[in-house]
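Per-entry structural report
Below, each chain spelled out in residue letters.
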4 protein chains.
Amino acid sequence: MIGIEDEKFIRGKIPMTKQEIRILTLAKAKICTTDFVVDIGAGTGSLSIEAAKIAEHGYVFAIDKNPDAVDLITRNAEKFSVDNIVIISGEASESLRQVPRIDIALIGGSGGKIREILQAIDNKLKIGGRIVANFITIQSLANCLDWLKTRDDYDYEMIQVQINRFNVVGGLDMAQALNPVHILTAKKIPLKQAVNVIKLPEQKVKTAQVVGLRIGNS
Amino acid sequence: MIGIEDEKFIRGKIPMTKQEIRILTLAKAKICTTDFVVDIGAGTGSLSIEAAKIAEHGYVFAIDKNPDAVDLITRNAEKFSVDNIVIISGEASESLRQVPRIDIALIGGSGGKIREILQAIDNKLKIGGRIVANFITIQSLANCLDWLKTRDDYDYEMIQVQINRFNVVGGLDMAQALNPVHILTAKKIPLKQAVNVIKLPEQKVKTAQVVGLRIGNS
Amino acid sequence: MIGIEDEKFIRGKIPMTKQEIRILTLAKAKICTTDFVVDIGAGTGSLSIEAAKIAEHGYVFAIDKNPDAVDLITRNAEKFSVDNIVIISGEASESLRQVPRIDIALIGGSGGKIREILQAIDNKLKIGGRIVANFITIQSLANCLDWLKTRDDYDYEMIQVQINRFNVVGGLDMAQALNPVHILTAKKIPLKQAVNVIKLPEQKVKTAQVVGLRIGNS
Amino acid sequence: MIGIEDEKFIRGKIPMTKQEIRILTLAKAKICTTDFVVDIGAGTGSLSIEAAKIAEHGYVFAIDKNPDAVDLITRNAEKFSVDNIVIISGEASESLRQVPRIDIALIGGSGGKIREILQAIDNKLKIGGRIVANFITIQSLANCLDWLKTRDDYDYEMIQVQINRFNVVGGLDMAQALNPVHILTAKKIPLKQAVNVIKLPEQKVKTAQVVGLRIGNS
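Throughout, a residue's number is its position along its own chain's written sequence, starting from 1. Chain labels run from A onward and ligand labels from 1 onward, assigned in the order the entries are written. Thresholds applied to this predicted model are a pLDDT of at least 70 for local features of residues and 80 or more for the giving and counting of side-chain atom pairs; totals over whole chains, interfaces and linings are not thresholded and use all residues. Note: side-chain values were computed over all heavy atoms of the structure, leaving out hydrogens and water.

**Some thoughts on the overall build of chain A**
As a reminder, the rule being used: Starting at the N terminus, helices and strands are each numbered in turn, a helix being any DSSP run of H or I of at least four residues and a strand any DSSP run of E of at least two. Burial classes: relative accessible area under 20% of the type maximum marks a residue as buried, over 50% as exposed, and values in between as partly exposed (1.4 Å probe, protein chains only). For the area figures, the Shrake-Rupley method with a 1.4 Å probe applies, and any residue is considered shielded solely by the protein chains shown.
In terms of regular secondary structure, chain A is built from six helices and eight strands. Overall, chain A shows an N-to-C arrangement of helices and strands of α-β-α-β-α-β-α-β-α-β-α-β-β-β. Out of the 218 residues belonging to chain A, those deemed buried represent 61%. Carbon and sulfur atoms form 50% of the exposed surface of chain A, whose accessible area is close to 8500 Å².

**Focus: the relation of the copies chain A and chain C**
Where we set the bar: Copies overlap after least-squares fitting; the atoms used are the C-alpha atoms of residues with pLDDT of at least 70 in both. Contacts are assigned to residue pairs that have any heavy atoms within 4.5 Å of one another.
Mapping chain A onto chain C is achieved by rotating through 180 degrees and translating by 0.0 Å along the same axis, at an RMSD of 0.0 Å. Both chain copies can therefore be described as sitting about a two-fold axis. By C-alpha distance to the rotation axis, the residue of chain A lying nearest is Ala142(A), at 3.2 Å. Both copies present the same face, since 100% of the interface residues in chain A are matched by interface residues at the equivalent positions in chain C.

**Topic: the environment of Ile183(A)**
Residue and element names in this part refer to chain A. If you trace the backbone, Ile183 turns up in strand E8 (residues 181-188). Judged by relative accessible area, Ile183 falls into the buried class, the value being 1%. Distance from Ile183 to Gln160, taken between C-alpha atoms, is 6.1 Å for residues 23 residues apart in sequence. In this structure Ile183 touches Ile21, Leu24, Thr25, Val132, Ala133, Asn134, Glu157, Met158, Ile159 and Val161, once residues within four positions along its chain are discounted.

**What about the relation of the copies chain B and chain A?**
By a simple turn and slide, chain B fits onto chain A: the slide is 0.0 Å along the axis, the RMSD is 0.0 Å, and the turn is 180 degrees. Both copies contact each other with a shared surface, as 100% of the interface residues of chain B are interface residues in chain A too.

**Things to note about the confidence of the model for chain A**
Residues and elements named next belong to chain A. The condition that has to hold: Known as pLDDT, the predictor's per-residue confidence is scaled from 0 to 100.
In the predicted model, chain A carries a mean pLDDT of 90, and 88% of its residues have values of at least 70. pLDDT under 50 marks residues 199-218. Its contacts with residues more than four places away, or in other chains, come to 54 contacts. Scored as a complex, the prediction yields pTM 0.89 and ipTM 0.88.

**As for the interface of chain B and chain A**
Note the cut-off: A 1.4 Å probe defines the accessible area here, and the buried area is the portion of it lost by two parts on being joined, summed over both. Whenever a carboxyl oxygen of Asp or Glu lies within 4 Å of a side-chain nitrogen of Lys or Arg, that contact is scored as a salt bridge. What qualifies as a polar contact is a pair of N or O atoms within 3.5 Å, subject to a donor-acceptor requirement within protein and to the restriction that residues adjacent in sequence count only when both atoms come from side chains.
If you look at the interface, chain B gives 32 residues, while chain A gives 32 residues. Summing both sides of the interface, chain B and chain A together bury roughly 2800 Å²; the carbon and sulfur share of this comes to 58%. For the pair chain B and chain A, the number of links is six salt bridges. The salt bridge involving Glu5(A) is made with Lys30(B); its shortest N-O contact spans 3.7 Å. At the boundary of chain B and chain A, one finds 17 residue pairs in polar contact (both at pLDDT 80 or more). With eleven residues, the top contributor of residues to the side of chain B that touches chain A is strand E6 (residues 154-169) of chain B.

**A short note on the environment of Gln139(A)**
Inspection of the secondary structure puts Gln139(A) in helix H6 (residues 138-149). The class of Gln139(A) is buried, set by a relative accessible area of 10%. Between the alpha carbons of Gln139(A) and Lys113(A) there is a distance of 10 Å; along the sequence they are 26 residues apart. Residues contacting Gln139(A), with those up to four places away along its chain left out, are Leu145(C), Lys149(C), Gly171(D), Leu172(D) and Asp173(D).

**Notes on the packing of aromatic side chains**
Worth spelling out the cut-off: Each Phe, Tyr or Trp ring (for Trp, its six-membered ring) is paired with any other whose centre lies within 6.5 Å, and the angle between the two planes then decides the class: stacked below 30 degrees, edge-to-face above 60, tilted in between.
For the structure shown, the criterion picks out 19 aromatic pairs over all chains. Ring plane angle 40 degrees and centroid distance 6.5 Å describe the contact between Tyr59(B) and Phe61(B), whose orientation is recorded as tilted. For Tyr59(B), a relative accessible area of 19% corresponds to the buried category. Following the ring pairs from residue to residue traces out a cluster consisting of Phe36(A), Tyr59(A) and Phe61(A).

**Things to note about helix H2 (residues 46-54) of chain D**
Along an α-helix, residues three or four apart share an orientation, since each turn contains 3.6 residues. Counting buried positions over the nine residues of H2(D) gives eight, a clear majority of the element. When we look at burial in H2(D), the residues that qualify are Ser46(D), Leu47(D), Ser48(D), Ile49(D), Glu50(D), Ala51(D), Ala52(D) and Ile54(D).

**A few points about the packing of helix H1 (residues 19-29) of chain D against H2(D)**
Residue and element names in this part refer to chain D. To keep things clear, this is the line we draw: For every element, the axis is a line fit to its C-alpha atoms; helices are fit only across the contacting stretch, and the angle between N-to-C directions ranges from 0 to 180 degrees. Put simply, angles under 35 degrees are roughly parallel, angles over 145 are roughly antiparallel, angles from 65 to 115 are roughly perpendicular, and the rest are oblique. Take the far helix as your reference; a near helix turned counterclockwise from it by less than a right angle gives a left-handed crossing, and one turned clockwise gives a right-handed crossing.
Where H1 meets H2, the axes come as close as 10 Å, and the angle between the chain directions of the two elements is 40 degrees. By the angle between their axes, H1 is oblique relative to H2. Both H1 and H2 take part in a crossing whose hand is right-handed. Residues Arg22, Thr25 and Leu26 of H1 form the contact with H2, whose own contacting residues are Ser46, Leu47, Glu50, Ala51 and Ile54.

**A look at the environment of Ile138(B)**
Turning to its location among the elements, Ile138(B) is positioned in helix H6 (residues 138-149). Put simply, Ile138(B) and Tyr154(B) are 16 residues apart on the chain and 21 Å apart in space, counted from C-alpha to C-alpha. Dropping the residues within four chain positions of it, Ile138(B) is found in contact with Phe166(C), Asp173(C), Leu141(D), Ala142(D), Leu145(D), Met158(D) and His182(D).

**What to know about the interface of chain A and chain C**
The interface is formed by nine residues belonging to chain A together with nine residues belonging to chain C. Both sides of the chain A and chain C interface together cover about 710 Å² of buried area, and 62% of this is carbon and sulfur. It is Ile138(A), Gln139(A) and Gln160(A) that lose the most area in chain A upon contact with chain C, and together they represent 56% of the buried surface on that side. Counting across the chain A and chain C interface gives zero salt bridges. At the junction of chain A and chain C, the tally comes to one residue pair in polar contact (both at pLDDT 80 or more). Taken together, the elements giving at least two residues each to the side of chain A that touches chain C come down to H6 and strand E6 (154-169) of chain A. Broken down by element, the residue count for the side of chain A that touches chain C peaks at six residues, all from H6(A).

**Thoughts on the pattern of salt bridges**
Residue and element names in this part refer to chain C. According to the stated counting rule, one finds 64 salt bridges over all chains in the structure shown. Across the pair Arg22 and Glu50 runs a salt bridge, and its minimum N-O distance is 2.5 Å. On the criterion of sequence distance, the pair formed by Arg22 in helix H1 (residues 19-29) and Glu50 in helix H2 (residues 46-54) is long-range, its members being 28 residues apart. Classification of Arg22 by relative accessible area gives buried; the value is 0%.

**Section: helix H3 (residues 67-79) of chain B**
Residue and element names in this part refer to chain B. Our working definition: Helices are assigned an expected span. That span is 1.5 Å times one less than the residue count. By construction, the arc corresponds to the directions joining the helix axis to the C-beta atoms.
In a regular helix each residue adds 1.5 Å, so 13 residues correspond to 18 Å; H3 covers 18 Å between its end C-alpha atoms and thus fits that length. Residues Ala69, Val70, Leu72, Ile73, Asn76 and Ala77 constitute the buried set of H3. The buried residues of H3 occupy an angular sector of 165 degrees when projected down its axis, which confines them to one face. Seen from the buried face of H3, the exposed residues on the opposite side, beyond 90 degrees, are Pro67, Asp68 and Glu78. Looking at the buried residues of H3, the elements they touch are helix H2 (46-54), strand E2 (59-64) and strand E3 (85-89). Looking at where H3 begins, the residue whose side-chain oxygen comes 2.8 Å from the main-chain nitrogen of Asp68 is Asn66. Backbone geometry just downstream of H3 places Ser81 in the positive-phi region, at approximately 55 degrees.

Pasting the structure below:
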């Protein structure tokens, strides 16, 4: 099951997607056990690791350009004994060229380059596949929506999530706000069936081959 | 995976726990495949059905005093082909007497009787078991916290969740607010190890026997 | 003082800015008693009327293209005995040409034309003047931010506001969510002093003359 | 007008009510120019100072038991040249005995003693007067609601406010959450007219005399 507590992950100075956002992101992604998943802006790897546990017979390609992030993902993958994560160090849109056809794209961070990333994802995403993106800036969110509105082969839905966590201070329960996140879920559909409703995913057939750096003991 | 869309459920006039709240509630509950789960104030049965799909080798006891709710749960369980839900029509604290020892208690609604419900749950909940409760009123929330503070054998954490869903109106993405919900997660711990941190659950051994009305074709 | 209750206003089918949003919008606008204020997308006139009570020796120009809105503003201005509101029926950017130099621009709604509106406001807004805009769509918000980023003579700050109102149901206090609103406050500054901090406004000297339709008994 | 920026106040280690919460609190309080106001848990004095500017011909009694707070209130009152604030150092319920009959009670913090504070306020509050309280813990909020429900001579309304402020990071606008606050507004009404709606306040006649320590140059 999804929902590893934040403090279980090895953390550096890199911001981490919080547990509740990870839970909702993964639930919206509807990852299957054999799925090929890409995680853009993987950061500490928290989302990659939870995705890899669900896609136990598939792979997660964790992409980040920050060497500290690559190090953290490696260490967290080891800590959680996850061996189906392929870590790719580099710019998102370039790194995506090394990746096989994918079922699911998670976008944890886009570094102000959401349009290029969406285009690169689209080149790899199977029909029926899903993109689930977290946004913390208005501009990246708006650019993603702009891109989607030019495409008839994607349906999408979006939510904003605001979580307050409670701490006990002097015996009283006091709310501490987490920063709000927009979670956008887009599904790639055959062009002719373009409608405004996201459908339930069917089990997808895998044909892709794995490339790149494999971590763990395999 | 959790996260059935709201519109998939047969709905009546009874308020339904929204998808995002169900996702977070179920993730916090950390239900195992063999768990015995009780769902108090089961309403449309949306939470019960998702719980039953996770606890595929266990049972979910869905309790509601409203005959309309009992009817909706029955119809939704049939729609989703879930046959490990036991529907109990009656007051929560009385109905809980008919239930075997449980691993997980979900509280979707408490009808202003949260203290009696917590006491009745506590009589059935195994050590290591979890209570995950959704609150929409200040009083039920405060009474639950009061009860927990008298108990050394429960650790808890709490979040408030506010979800805005976006609709496209005239080509523009516009937020529509859902009502906020507090989600409280309490774990029953051995008295001597009482600390303020919720631990990861270990797989629990089942010894309970099923009682009551069984629905479906089994 | 600001903060008229929502139910005091005559309301039609037109959405009304809610009390708490009006309060924050007006406080951020820092309207002076002699200010000339324009209210774009005035709707029911709730914001115009509260602004007119503050700018008691100035004027509020309430612009809306919807005839039902014009009617509602007229009736509400009469109800609240406000006689310094000039109601202009028409498209925002065209109507702004009829307006004298202004100190404050309030934007309650932009009908998908925020760029044209901002340009038309800018033509009339004095240096030191403020724009306070409410946004309910991502696109209008993003377009406003884009416009501001091209201008060295505006400083801005932005907040998102989410209000939950409580109703008593069965003796218990239950939250009901209002839709979230972004409130953006921009101050027009002399080009050479462009810095990233919004300054307190000083009292402004009035030289403008009033044009257009005057309501009330003057 | 209300709405002094947070950074204008001299601040210490004491938590300060944020600008947007102050704005809404003061608007809900509907303070008149001649009102006698008490501010419980005055902290940095930010709320007291804004209230004192509105009640320019009345007085604000700023009560706090923390010596650091008393010092901060004094310095901020001097900074803003407000001379109608009476600072009282001591426990809220005891200090309230020194205060004359009041029109408005603001509660910024209750230190876990909300019931005693409400009782002490009630002894001084005129009929038609208002209590506006900010809550950051579930328990204080619930206790306040409990107290109000035992009283037929108070009407109340409540909101929860969540503010996200945007910062520009790398040219992109990013939300930073402030902790949520519940704002409860109660109006003391003649016993026989007890209804569930808060009425608009009428101008009140002053008869009270000022006691206690006067600051400033008067």
